[in-house]
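# Examining the three-dimensional arrangement
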Amino acid sequence: MVQRRAHADSRVAGRRLPWTILFFLGLLVLWNPLATAQGTGGGMNGTTEENLTQSRWERLEEERRQNPSGNHRLAAIDAFLLGQEAWDAGRADEAREHWSRSGAFDHSYLPPRLRLVQTSLLSDFSGAMVTLRQCLEIFQRDFQVQQWVLSNAILGFCLAATLASVALVIGLLLKHARSLHHTVRETLAYAFRLDPIPAGILAIVALLIPVAANLGIVVTALFYLFLTGYRYNRGERVIALATASWGIIVGPVLVVTSPWWSVPPNGRNAVLISEAQEDPTSPAFRLRVDDWIEEEGKGVALYLEGLASKVERDSDRAVLFYERAGRSGEIPQWVLQTNIGNARIQADEPDMAISHYHSAIGQDPGAFEPHYNLAVTQARAGQYLQSDARFELASRIDLDRFRALTRKNEDLGEPEPIDALWGASDLWAWTLKHPGPVVAPSPLSFFLPMRSLIWSAPIAVLALVVGLIAGRSLQRIIRVHECYQCGDPICRRCLVRMDRRAYCAGCAEALGGLSSGEATRVLLRRLLEDKREWTGQLARLFASFLPGIGGLVYGGPFVAFIAAVCGGLGTAQFLYPEWGQPLFWGPWPDPLNGLVRVAGLVLLVLAVLIGFFDVRATRKRNSTVKAFLDRDVDRLAA
């Protein structure tokens, strides 16, 4: 069995950022046992314990003691699922025992460690922190976990920002929809000499024309956004510019970050390399690698075939494949030289092996494997002083791994050379050079239904410019005001001015002939005594539960922006099963689905509460006498 490269080189160790710790802490605190049980319980049946007999566990435990650094993924999965069954049945101690056994069988398997931290966080905090450190170490070296975090973080952020932008645009449009319709209606009525009713119908048809173009919600929303731009105050204009900026760059952002989240349809990505080099003789991996070699002859597939040949003790064939892989230029030379040296050791050619190890050290002096293998080979040849010095260098590079190999050799006897495998940094470099197709997930494609995401930016800019030009033109033709008393939109053709204020025809007729003091008393009486229509109250109540939308229509722009962001994040997390890439592959549902959806539901509730209290506070503030007196009224009469 090829052993896993457990150390992280200096480039990978430099990535231990605080956000990784925050990510795992949030993952463990919010873990929902019921959702996890629902996600994993369906994959178990009543015959699991019967199939997994005690003799099998004893055999696997013996194999693990003989090869403590080896991985037994199938046994780890079985133990994890048995622990989940025990946890669902209320046997917590038995569940922890199974999860500890699962982690011992596979040192890179994350689910049992997450469950151990979750169940021990309150009862054994120090032990939970030790297990959490193991989770962080797996994150540093396991490419599949890193890719899951990055891909879902990028896609989730893009979806959340798009949802928040759409909510803010809808809020701005709802607030100024009546004014926009009134402007277009009066413009058409003035241009074509139409009555108000036909002009209103024609205005609705004209405003719905961009929707028929099927350019997506984002592009259409940007057109409407700047069509109503002449109605915005300062806060609304800032929000409009922020949402427009995101609508322009969302497509290019997805294209630029595609190597981190896109997966080739044939499955030949760095995850395959990471898994195949763990067990290169697996029939499933061998079949895919053989097809890869026949179709494309990639150096990566030749490298994996060399690993498999070495495990099968066919050293000449292994050297042949390693040399062919080296000519492709895709594989790090120090990895190939180290493994060729191991094959030469297997073929009983130590002098040639030492030469290859020195070549590997010259390629990468900070690599652990060639130093360790050279020390082992020198010790076999009786060069004990040189061997001790080389072991000292290897221990300085990775002391933890050196100690683990030393403990293993105490149980197994004479040490053996270890194979060099691709680390996370090299796998990421290969991934960035071989991205998959840029096909956005279905929720994002719903907002940007374009064959090429790169075209979303120029089309969005075009929609923005057209909307800005159209809005400015409408403002120059007929400017819309608001009635000082009722707040309805009125144009310059319809307004009636009294005391330098604009009134609609109905309010002007009711206040006509009154003095300034009498008009002020009428307005104040309406504020204190008149009841709002039930439709308006219902619309206000319904809008207050829409994060971002209700805040822009009835509240403040800043709080509405915060509510929209929380609502976008919550909605994106709640829709995670529709767009997310699963972390744990298997015949059972992804256990993280329930956790992420619960976290999204919490954010959605928070966003609704923020929007509700903002609308309520704004309504209370605007309905007070102080707000009325802040207007230009006759204060003595009031």
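Rules behind the numbers
Residues numbered from 1 in each chain as written. Predicted model: local features only at pLDDT ≥ 70, side-chain atom pairs only at ≥ 80, totals over all residues. Heavy atoms only, no water. Helix = DSSP H or I, 4+ residues; strand = E, 2+ residues; numbered from the N terminus. Buried < 20%, exposed > 50% of the residue type's maximum accessible area, 1.4 Å probe, protein only. Contact = heavy atoms within 4.5 Å. Areas by Shrake-Rupley, 256 points an atom, 1.4 Å probe, with all protein chains shown as cover. 1 Å grid on protein atoms, 1.4 Å probe; cavity = no way out; pocket = protein on both sides within 12 Å on 5 of 7 lines; lining within 4 Å. Points joined across faces, edges and corners; volume = space filled by probe spheres on them. Salt bridge = Lys/Arg side-chain N within 4 Å of Asp/Glu carboxyl O. Polar contact = N/O pair within 3.5 Å; in protein donor to acceptor, adjacent residues only side chain to side chain. Phe/Tyr/Trp six-rings, centres within 6.5 Å; stacked < 30°, edge-to-face > 60°. Lys NZ or Arg CZ within 6 Å of the ring centre and 35° of its normal. Axes fitted to C-alpha atoms, helices over the stretch in contact; angles between N-to-C directions. Parallel < 35°, antiparallel > 145°, perpendicular 65-115°, else oblique. Left-handed = near helix turned anticlockwise from the far one by under 90°. Nonpolar A, V, L, I, M, F, W, Y, C, P; charged D, E, K, R; others polar. Core = buried A, V, L, I, M, F, W, Y, C linked by side-chain atoms within 4.5 Å. Expected span 1.5 Å × (residues − 1). Arc of directions from axis to C-beta.

### Section: the overall build of the chain
Within the chain one finds 35 helices and four strands. Taken over 638 residues, the chain has a buried fraction of 49%. Here the analysis covers contacts within the chain between residues at least 6 apart in sequence; of these, 69% occur between residues at least 24 apart. For the chain, the computed accessible surface area is about 31000 Å², with 59% contributed by carbon and sulfur atoms.

### Some thoughts on empty space enclosed by the protein
Applying the stated criterion to the full structure yields four cavities of 30 Å³ or more. Its boundaries defined by the atoms lining it, the second largest cavity holds a volume of some 60 Å³. Every residue along the wall of the second largest cavity is listed here: T162, S165, V166, V169, V218, A221, L222, T243, W246, G247 and V250.

### Some details on the pattern of salt bridges
If you walk through the whole model with that rule in mind, you get 12 salt bridges. A salt bridge links E94 to R91, with the nearest nitrogen and oxygen atoms 2.6 Å apart. Overall, E94 belongs to the partly exposed group, its relative accessible area being 27%. A residue is classified by how much of its surface remains accessible, and R91, at 36% relative accessible area, is partly exposed. Measuring nitrogen to oxygen at the nearest pair gives 3.7 Å for the salt bridge that ties E97 to R101. With E97 and R101 both in helix α7 (residues 92-105), this residue pair falls four residues apart, about one helical turn. We classify E97 as partly exposed; its relative accessible area is 48%.

### Comments concerning the side chain of E369
Within the element layout of this structure, E369 appears in helix α22 (residues 368-380). Accessibility expressed as a relative area gives 0% for E369, which makes it buried. Polar contacts involving the side chain of E369 include one to the side chain of R401, which spans 2.9 Å.

### A few points about the packing of aromatic side chains
In the structure shown here, the tally under the stated rule is 14 aromatic pairs. Between Y372 and F402, the ring centres sit 6.5 Å apart and the planes meet at 80°, which makes this aromatic pair edge-to-face. Of this pair, Y372 sits in helix α22 while F402 sits in helix α24 (residues 399-412), and the two are 30 residues apart along the sequence. A relative accessible area of 3% means that Y372 is categorised as buried. Ring-pair connections join several aromatic residues into one group, and the members of that group are F368, Y372, F391 and F402. Cation over ring: R597 sits above F574, and NZ or CZ is 4.3 Å from the ring centre.

### Brief notes about the packing of helix α8 (residues 111-120) against helix α9 (residues 125-141)
One way to put it is that α8 packs onto α9 with a least axis distance of 9 Å and a crossing angle of 155°. Judged by the angle between their axes, α8 and α9 are roughly antiparallel. The two elements α8 and α9 meet at a crossing, and its hand is left-handed. Across the interface between the two elements, R113, L114, L116, V117 and S120 of α8 pack against F125, A128, T131, L132, Q134, C135 and I138 of α9. Each residue belonging to the contact of α8 with α9 can be placed in one class, and the counts come to eight nonpolar, three polar and one charged.

### Observations regarding the nonpolar core
By size, the foremost hydrophobic cluster in this structure holds 35 residues, and its most contacted members are V300, Y303, L304, Y322, I331, W422 and W430. Of all elements in the fold, only α16 (270-276), α17 (283-295), α18 (299-311), α19 (315-328), α20 (333-346) and α25 (424-433) reach the threshold of two or more residues within this core. In this structure, I138, V145, I154 and L155 belong to the second largest nonpolar core, which totals 33 residues.

### What about the packing of helix α13 (residues 217-227) against helix α14 (residues 234-256)?
Where α13 meets α14, the closest approach of the two axes is 10 Å, and the angle between their N-to-C directions is 150°. By the angle between their directions, the pair α13 and α14 is classed as roughly antiparallel. Considering how the two elements wind past one another, α13 and α14 form a crossing that is left-handed. Contacts from V218, L222, L225 and F226 of α13 reach α14 at A240, L241, T243, A244 and G247. Each residue belonging to the contact of α13 with α14 can be placed in one class, and the counts come to seven nonpolar, two polar and no charged.

### Some words on α8
Of all 10 residues in α8, 10 are buried; the element is thus mostly enclosed. Of the residues making up α8, those classed as buried are P111, P112, R113, L114, R115, L116, V117, Q118, T119 and S120.

### What to know about helix α11 (residues 196-207)
With 12 residues, α11 should reach 16 Å at 1.5 Å per residue; the first-to-last C-alpha distance of 16 Å fits that figure. Burial in α11 covers these residues: A199, G200, A203 and L207. Along the axis of α11, the buried residues cluster in a sector spanning 100°; they form a single face. Residues of α11 that are exposed and point more than 90 degrees away from the buried face comprise I197 and I201. Buried residues in α11 make contact with α10 (143-192), α12 (209-212) and α13.

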